[in-house]
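Breakdown of the fold
Each chain, written out:
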Amino acid sequence: MSAKKEGFFKSEFFHNFVRSPGAMAGLLIVTFFVVLVTAGPLFTPQNPYDIGSLDLMDAFKPPVWMEGGDPAFVLGTDDQGRDLLSAMVYGSRISLFIGLSVVVLSCVLGTFLGLTAGYFGGRLDSLLMRIVDIQLSFPAMLVALFIMAAFGRGLGKLVTALTIVGWVLYARTVRGSVLVEKKKEYVDAARLIGLSPFPIILRHVLPNILTPLIVIATIHVGTVILTEATLSYLGVGVPVTRPSLGLLVKNGYDVLFSGLWWSSVFPGMFIMLLVFGINLLGDFLRDEFNPRLK
């Protein structure tokens, strides 16, 4: 184990990572949010989901450095009297949960269908690719809006809707990679020794197409978070009782031009910072695993 660790720290990947300012900045930002959503609730002054702890008399208090600010609410409060910092910490947990859940489910579903279509081909391949083409002909946001409008709001329904939107990206990428890999000699050798298709797919083909999946999944997390924020802003995302960052922005926007800017600007900055950090890591991985840049 120690030899593997030592080998990793001496690898070209690690060397390029530590020498990349963008990658290191992305890692710091993502690490900050991971620590925030795991340990942050232990130190927040308020549980924004506990209605009993809210007081409407505390609504729209400004940040502590402004006139009328309260030291108990460092970044101010929203229209429900929720401490904005606490709401952002809890909202980040929901946004990250949705982002990671959708990416995992989309990747698993899209990879399975892409592997099946690419390896076996035939009518199954044609059917799946036509479904992919039809879905990609519509804007992803429009598809998600239609699904949410049809089935209603809810965290599980939102994850399902975004998974339905996201699997096509993985299916098309995996299918294209499998079409290349299945023609290589190591796949022919596996067939000659009598391996059935699914062991060949899982043991030989899948490990050789993981690189583009890692890159796509990393960037997709940020895309899902932005999509969820947009849906919540439009009022068809997460329930109002468990606000994500997008819903906090929406609630704050209603009073943005009344001078109560903090209730919308701070959650918006949180979304921007989180997606920016994830995209920095995704850009590094994309460049690092691109053979044309080697």
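What you are looking at is a predicted structure, and each value in this text was computed from that prediction instead of being measured.

Regarding the packing of aromatic side chains
- Counted under the stated rule, the structure contains eight aromatic pairs.
- Pairing F32 with F33 gives two aromatic rings, centres 5.2 Å apart and planes at 80°, and the pair type is edge-to-face.
- Taking relative accessible area as the criterion, F33 reaches 1% and is therefore assigned buried.
- On the numbers, 5.7 Å between centres and 55° between planes, the contact of F120 with F198 is tilted. Taken together, the residues F120 in helix 4 (residues 84-120) and F198 in helix 9 (residues 197-205) connect sequence positions 78 residues apart.
- For F120, a relative accessible area of 38% translates into the label partly exposed.
- In this arrangement the basic side chain of R93 is found over the ring face of Y90, its NZ or CZ atom lying 5.9 Å from the centre.

So, a nonpolar patch on the surface
- Together, Y233, L234, Y253 and F257 line one region of the surface with nonpolar side chains, adding up to about 450 Å² of accessible area.
- In this structure, Y233 sits in helix 10 (residues 210-233).

Some details on the pattern of salt bridges
- Tallied over the full model, the rule gives seven salt bridges.
- Of the charged contacts, one joins K184 and E181 as a salt bridge, the two residues approaching to 3.2 Å between their closest N and O atoms.
- Accessibility expressed as a relative area gives 10% for E181, which makes it buried.
- Among the salt bridges present, the one from R191 reaches D188, with a minimum N-O distance of 2.8 Å. Placement of both R191 and D188 in helix 8 (residues 185-192) is noted, with a separation of three residues, approximately one turn of the helix.
- With a relative accessible area of 37%, R191 lands in the partly exposed category.
- Residue D188 is classed as partly exposed on the basis of its relative accessible area, which comes to 35%.
- Within this structure, R130, D133 and R172 form a network of salt bridges that share partners.

Some thoughts on the UniProt feature "domain: ABC transmembrane type-1" (unreviewed entry) in the protein
- Summarizing the sequence annotation, UniProt attributes the feature "domain: ABC transmembrane type-1" (unreviewed entry) to residues 92-282 in the numbering used throughout.
- Span residues 92-282 is 81% helix and 0% strand, its end C-alpha atoms 20 Å apart.

Brief notes about the nonpolar core
- M88, I98 and L162 are the most contacted members of the largest nonpolar core, which totals 60 residues.
- It is helix 4 that contributes the most residues to this core, 13 residues altogether.
- Leave out the neighbours within four places in its chain, and I98 touches L155, L158, V159, L162, V224, E228 and V238.
- Among the nonpolar cores identified, the runner-up in size contains eight residues, and A117, L128, V132 and V168 belong to it.

Notes on helix 5 (residues 122-136)
- The end-to-end C-alpha distance of helix 5 is 21 Å, a good match for the 21 Å that 15 residues give at a rise of 1.5 Å each.
- Along helix 5, the positions that sit buried rather than exposed are D125, L128, M129, V132 and Q135. Along helix 5, the residues classed as buried sweep out an arc of 120° about the axis, all on the same side. Exposed residues pointing more than 90 degrees away from the buried face of helix 5 are listed as R123, L127 and I134.
- On the buried face of helix 5, the contacting elements are helix 4 and helix 7 (155-181).

Let's talk about the UniProt feature "transmembrane region" (unreviewed entry) in the protein
- Per the UniProt entry, the sites bearing "transmembrane region" (unreviewed entry) are residues 21-43, 94-120, 132-152, 213-240 and 260-282 in this numbering.
- With 81% helix and 0% strand, the stretch residues 132-152 has end C-alpha atoms that lie 24 Å from each other.

Comments concerning the environment of G91
- With respect to the helices, strands and loops of the structure, G91 is situated in helix 4.
- Note on G91: relative accessible area 0%, which makes it buried.
- Placed 152 residues apart in sequence, G91 and P243 show a C-alpha to C-alpha distance of 5.8 Å.
- Residues in contact with G91, not counting those within four places in the same chain, are Y49, P243, S244 and L245.

A closer look at the side chain of T77
- Positionally, T77 belongs in the loop between helix 3 (21-39) and helix 4.
- A distance of 2.7 Å separates the side chain of T77 from the backbone nitrogen of K61, its partner in a polar contact.
- Beyond its immediate sequence surroundings of up to four residues, T77 is in contact with D58, A59, F60, K61, R82, D83, L84, W262 and S263.

Topic: the side chain of D125
- Among the structural elements, D125 can be located in helix 5.
- What makes D125 buried here is its relative accessible area of 9%.
- Not counting the four nearest positions on each side in its chain, D125 is found in contact with A117 and R175.

Cut-offs used in this document
- Residues numbered from 1 in each chain as written.
- Predicted model: local features only at pLDDT ≥ 70, side-chain atom pairs only at ≥ 80, totals over all residues.
- Heavy atoms only, no water.
- Phe/Tyr/Trp six-rings, centres within 6.5 Å; stacked < 30°, edge-to-face > 60°.
- Buried < 20%, exposed > 50% of the residue type's maximum accessible area, 1.4 Å probe, protein only.
- Helix = DSSP H or I, 4+ residues; strand = E, 2+ residues; numbered from the N terminus.
- Lys NZ or Arg CZ within 6 Å of the ring centre and 35° of its normal.
- Patch = residues over 30% accessible without salt bridge, like charges linked within 9 Å, V, L, I, M, F, W, Y side chains within 5 Å.
- Areas by Shrake-Rupley, 256 points an atom, 1.4 Å probe, with all protein chains shown as cover.
- Salt bridge = Lys/Arg side-chain N within 4 Å of Asp/Glu carboxyl O.
- UniProt positions renumbered as here; feature names shortened; annotations may be inferred.
- Core = buried A, V, L, I, M, F, W, Y, C linked by side-chain atoms within 4.5 Å.
- Contact = heavy atoms within 4.5 Å.
- Expected span 1.5 Å × (residues − 1).
- Arc of directions from axis to C-beta.
- Polar contact = N/O pair within 3.5 Å; in protein donor to acceptor, adjacent residues only side chain to side chain.

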